[in-house]
Amino acid sequence: MNTIWGKINKLLGIINLILGFTLLYNVIKYTNRQFYLIQTISVQQNFSKNQISFFDLLISNWFFLLIAILFVVSGILILIKNRFGWFFGYCCWIILIFALNSITIYRIRDVTITVIGDKHWIQIYGGLGLLLSFIVLILFSLYPIRKLNIVSNKFWIQSLVFTVLLYLLSSF
């Protein structure tokens, strides 16, 4: 029984790593598109040379960058059996559920107000992502996983406080 939970814990670490690198790649790709668009528009409209840098744009997406880095760090820490991997992973999954929940609800409301045509797959993927996120969060919350990562009730409450603080910082 213990080996099953050890494998599930490793799987959670791998999932966090994959999701973290995917988010990191998408943040950098999005920032690169922003930078290219700003440069293209300034050249086409004969504006003065814009002094914005790629790094400035990357920092403007600081929250998504932070979440991606925390996912990567949590995946690495889970794989090397450090309990802070559970801490960061749990916090990131809660924030991801908050984000996916608002996106999914907004899209469902948007569909009822207007017709978006063939883009109904957005609701399906949003709902599936939300369901899978809940499953991963439940796996993180199970007693054998918490016991394996040496998570006490105090540590669990600290992760919830950290999550709330991180979520409040996202509004800035």
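Numbering of residues starts from 1 in each chain and follows the order in which that chain's sequence is written. Since the coordinates come from a predicted model, pLDDT governs what is reported: local features require at least 70, and pairs of side-chain atoms require 80 or more to be given and counted, while whole-chain, interface and lining totals use all residues. Heavy atoms from the whole structure form the basis of all side-chain values; hydrogens and water molecules are not counted.

## Observations regarding the nonpolar core
Thought 1: Ranked by size, the top nonpolar core spans 28 residues in total, and within it W86, W93 and F140 carry the most contacts.
Thought 2: Contributing elements (two or more residues each) for this core: α1 (2–44), α3 (62–79), α4 (83–113), α5 (121–141) and α7 (153–169).
Thought 3: Between two residues, a contact is recorded if the distance between any of their heavy atoms is within 4.5 Å. The contacts of W93, once residues within four sequence positions are left out, are I15, N16, L19, F71, S133, V136, L137 and F140. Throughout, nonpolar core names a set of buried Ala, Val, Leu, Ile, Met, Phe, Trp, Tyr and Cys residues whose side chains join them through atoms within 4.5 Å. Only protein chains enter the calculation, and the probe is 1.4 Å; a residue is then buried if its accessible area is under 20% of its type maximum, exposed if over 50%, and partly exposed in between. For helices the rule is a DSSP run of H or I covering at least 4 residues; for strands it is a run of E covering at least 2, with both sets numbered from the N terminus onward.

## Concerning the side chain of T163
Thought 1: Note that T163 resides in helix α7.
Thought 2: According to the relative accessible area criterion, T163 is buried, its value standing at 2%.
Thought 3: Sequence-distant contacts of T163, that is, excluding residues within four places in its chain, are made with C91, I94 and I95.

## Some words on unusual backbone geometry
Thought 1: Even without being a glycine, K81 presents a positive backbone phi close to 65°.
Thought 2: In this fold, K81 is placed in the loop between α3 and α4.
Thought 3: Its identity as a non-glycine residue notwithstanding, I150 has a phi of 55°, on the positive side.
Thought 4: Within the fold, I150 resides in the loop between α6 (143–148) and α7.
Thought 5: Residue I150 is classed as exposed on the basis of its relative accessible area of 58%.

## Quick notes on the environment of Q51
Thought 1: Mapped onto the fold, Q51 is located in the loop between α1 and α2 (54–60).
Thought 2: Residue Q51 is classed as exposed on the basis of its relative accessible area, which comes to 68%.
Thought 3: As a C-alpha pair, Q51 and Q39 span twelve residues in sequence and 9.8 Å in three-dimensional space.

## Digging into the packing of aromatic side chains
Thought 1: We call Phe, Tyr and Trp rings a pair once their centres come within 6.5 Å, taking the six-membered ring for Trp, and we label the pair stacked below 30 degrees between planes, edge-to-face above 60, and tilted otherwise. Overall, the coordinates contain 14 aromatic pairs when judged by the stated rule.
Thought 2: Centroid distance F98 to Y167: 4.8 Å. Interplanar angle 55°. Geometry classified as tilted. Of this pair, F98 sits in helix α4 while Y167 sits in helix α7, and the two are 69 residues apart along the sequence.
Thought 3: F98 sits in the partly exposed class, given a relative accessible area of 39%.
Thought 4: Cluster of aromatic residues (ring-pair linked, three or more members): F84, W86, F87, F88, Y90, F155, W156 and F162.
Thought 5: Here, a charge over a ring means that NZ of Lys or CZ of Arg falls within 6 Å of the ring centre while also lying within 35 degrees of the ring normal. Lying over the aromatic face of F155, R83 brings its terminal NZ or CZ to 4.1 Å of the ring centre.

## Let's talk about a nonpolar patch on the surface
Thought 1: Here a patch means residues that are over 30% exposed by relative accessible area and free of salt bridges, tied together within 9 Å if like-charged and within 5 Å if nonpolar (Val, Leu, Ile, Met, Phe, Trp, Tyr). The method behind every accessible area is Shrake-Rupley, applied with a 1.4 Å probe, and residues are considered shielded solely by the protein chains displayed. Whenever a carboxyl oxygen of Asp or Glu lies within 4 Å of a side-chain nitrogen of Lys or Arg, that contact is scored as a salt bridge. Residues I124, Y125, L128, L131, L132 and I135 make up a contiguous nonpolar surface patch of about 610 Å² in total accessible area.
Thought 2: Its place among the elements puts L131 in helix α5.

## Considering the confidence of the model for the chain
Thought 1: Counting all residues, the mean pLDDT for the chain is 84, and 87% of those residues have values of 70 or more.
Thought 2: Here α4 is the element of the chain with the lowest mean pLDDT, 80, and α3 is the one with the highest, 93. What pLDDT conveys is the predictor's confidence in a given residue, as a value from 0 to 100.

## Considerations on the packing of α1 against α3
Thought 1: For the pair α1 and α3, interaxial distance at closest approach is 7 Å and the crossing angle is 155°. Accordingly, the angle class assigned to the pair α1 and α3 is roughly antiparallel. You can see that α1 and α3 cross each other, and the crossing is left-handed. Note on element contacts: α3 touches α1 through F64, L65, I67, A68, I69, F71, V72, S74, G75, I76, I78 and L79, opposite N9, K10, G13, I14, N16, L17, L19, G20, F21, L23, L24 and V27.
Thought 2: Split by residue class, the contact of α1 with α3 holds 17 nonpolar, six polar and one charged. Here, axes are lines fitted to C-alpha atoms. For helices the fit covers the stretch in contact, and angles between N-to-C directions go from 0 to 180 degrees. Angle categories: roughly parallel below 35 degrees, roughly antiparallel above 145, roughly perpendicular from 65 to 115, and oblique for all the rest. Note on convention: near helix rotated counterclockwise from far helix by under a right angle means a left-handed crossing. Clockwise means right-handed. Note that Gly is not counted as nonpolar here; it falls among the polar residues with everything else outside the nonpolar set of Ala, Val, Leu, Ile, Met, Phe, Trp, Tyr, Cys and Pro and the charged set of Asp, Glu, Lys and Arg.

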